[in-house]
Amino acid sequence: MTDWVPKLHESRQPIYLRLADAIEEAIISEELPPGSKLPPQRNLAFDLGVTLGTVTRAYQTARERGLLTGEVGRGTFVRNGEFQDSAHLKASSEPIFAMLGRERPDTPQTRPMILSSTSAPSVGQTELLTPIMERILAKEEHRAIDYVRRLPRSWSDAGAQWMTTGGWTPNPSSTFATQGADPAILAAMATVAAPGERIVMETPTYKCAAQAIGLIGRIPIASQSDGEGLRPDDFERLCARQHPRAVFLMPAAHNPTHVRMTEARRHEIVDIARRHNVWIIEDNVYGSLLTDNLPPLAALAPERTFHLSSLSKAVAAGLRVGWMSCPPGQAPRAASAHKLLAGPKPFLLAQLGAELVLSGIANDIRDRVRAELAARHELVGRHLNGFEFASNPHLPFIWLKMPEQWSSASFVKAAEAHGIRIDGEDEYKPVRSETQLHRVRIGISAITERETLEQGLSLLAGLLQHGAAAYETFA
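Residues numbered from 1 in each chain as written. Predicted model: local features only at pLDDT ≥ 70, side-chain atom pairs only at ≥ 80, totals over all residues. Heavy atoms only, no water.

Regarding the environment of Leu137
Phase 1 of the analysis: Tracing the backbone shows Leu137 in helix 6 (residues 125-139).
Phase 2 of the analysis: For Leu137 and Leu348, which are 211 residues apart along the polypeptide, the C-alpha to C-alpha distance reads 7.7 Å.
Phase 3 of the analysis: Discounting chain neighbours no more than four positions away, the residues touching Leu137 are Ala144 and Leu348. (Helix = DSSP H or I, 4+ residues; strand = E, 2+ residues; numbered from the N terminus. Contact = heavy atoms within 4.5 Å.)

Structure (structure tokens):
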């Protein structure tokens, strides 16, 4: 029934909610029987005189109520099944309220669409992980439920294998397993800098590192970057004037800008760090998704570089498995700092991560993740065509430049009002800054289904096209 046009009731509710209610009423009255195809979103937006984003949000809300289903390229359909009355529909769409013994509110409280996360997308990991976990539990029944009292050599071997890049392989004896990248970053900072000492960070930079550094009493100082990475002149100036103890960098794949530090720039930064006796903390988490033929900083300055990576972006974030390679003599101190910050390592997850890498299964999953991300970037290109953004087909986010009529903060707020969570530029500033980048980061990997991601991208595109002036009209 692709020519169906609803009549929207007069109400103070947002238009998208009135449209979702109209879809629900039409299904209950069998005006839209099970299996009916709804009009294409653009057509219905034209017929109703509303924005595409409004219709997209309404269809998403109806889908979350359990009313609709659909596939990319086929359209949106009324879900097959018997819907007895409105109460039945609302109970099925909000099971959490039924569990809590509360009534569903008049305004649907839907879960936000998370486009602020960059965890590895779902590509069938559970099917591959289950038999390995069962085997570990059967073989290591006691160790799997106890504290880790001895670190197997295989954990370090797996880390050295996973972090091999650009012709460089870490020394397993200087490598240890971590509970993901975040505690490893803090452990490296705590190892080389005492409370009150300074650490150089690019602007923008990874938001968790920027936010967490103050929790351990270290002071971030912001340095400028350009299209090749950290600017040597500004890094030199900061080293000479403020005497930092370390610098935090992401040379292979910068988050959130996508900048890849050139080889010449890597040599310049290493030379400055040596002259001023500055430690280097090299985050290569996103680099694990790329084929980087450039030498990492750890290869150029092994005596002062802490190199870290994890499985979170390329295999599965929930495993909380990562590794850190340390300069000679620093691994015991860094491992101790990591334990104090993150607690003892969970044997089951660390063993699972090691077996995934050493068996080659982690590489197989990474290949699937890369293919899935490439497919999702095609959706990005389709819906955000005409807007400026930095991207890489194998990385799980884009760095979107705001059109003239939008600021980063106002666009984040508008997206949130429409049920979509993205990151504004202020999330990535290590210190307060008056510099405005007019950018937001959009993650494309955490959403399970491509169709849902496409709906979110379509809605964001509608916001971008209509500008902040129209925000209140269809929010």
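Comments concerning the sheet that holds strand 9 (residues 246-249)
Phase 1 of the analysis: If you trace the 7 strands from one edge of the open sheet to the other, you get 4-12-11-10-9-5-6, paired in mixed fashion. Two strands lie at the open edges of the sheet, namely strand 4 (175-178) and strand 6 (219-223), each paired on one side alone. This sheet shows a mean twist of 25° between the axes of neighbouring strands, independent of strand direction. (Pairing = 2+ DSSP bridges. Axes fitted to C-alpha atoms, helices over the stretch in contact; angles between N-to-C directions.)

Considerations on the side chain of Ser116
Phase 1 of the analysis: Along the chain, the position of Ser116 falls in the loop between strand 3 (113-114) and helix 6.
Phase 2 of the analysis: For Ser116, the contacting residues outside a window of four places in its chain are Arg421, Ile422, Asp423 and Arg441.

Section: the packing of aromatic side chains
The relative placement of two aromatic rings is captured by the distance of their centres and the angle of their planes.
Phase 1 of the analysis: With the rule as written, the count across this model stands at 5 aromatic pairs.
Phase 2 of the analysis: Ring centres of Trp399 and Tyr428 lie 6.0 Å apart, and the angle between their planes is 80°; this geometry places the pair in the edge-to-face category. You can see Trp399 sitting in strand 14 (residues 397-401) and its partner Tyr428 sitting in the loop between strand 16 (423-424) and strand 17 (439-443), a full 29 residues away along the chain.
Phase 3 of the analysis: Accessibility expressed as a relative area gives 5% for Trp399, which makes it buried.
Phase 4 of the analysis: Between the aromatic rings of Trp406 and Phe411, the centroid separation amounts to 5.2 Å while the plane-to-plane angle is 80°, which identifies the pairing as edge-to-face. Grouping residues by exposure puts Trp406 and Phe411 together as buried.
Phase 5 of the analysis: Its end group placed over the ring of Trp162, Arg366 keeps NZ or CZ at 4.1 Å from the ring centre. (Phe/Tyr/Trp six-rings, centres within 6.5 Å; stacked < 30°, edge-to-face > 60°. Buried < 20%, exposed > 50% of the residue type's maximum accessible area, 1.4 Å probe, protein only. Lys NZ or Arg CZ within 6 Å of the ring centre and 35° of its normal.)

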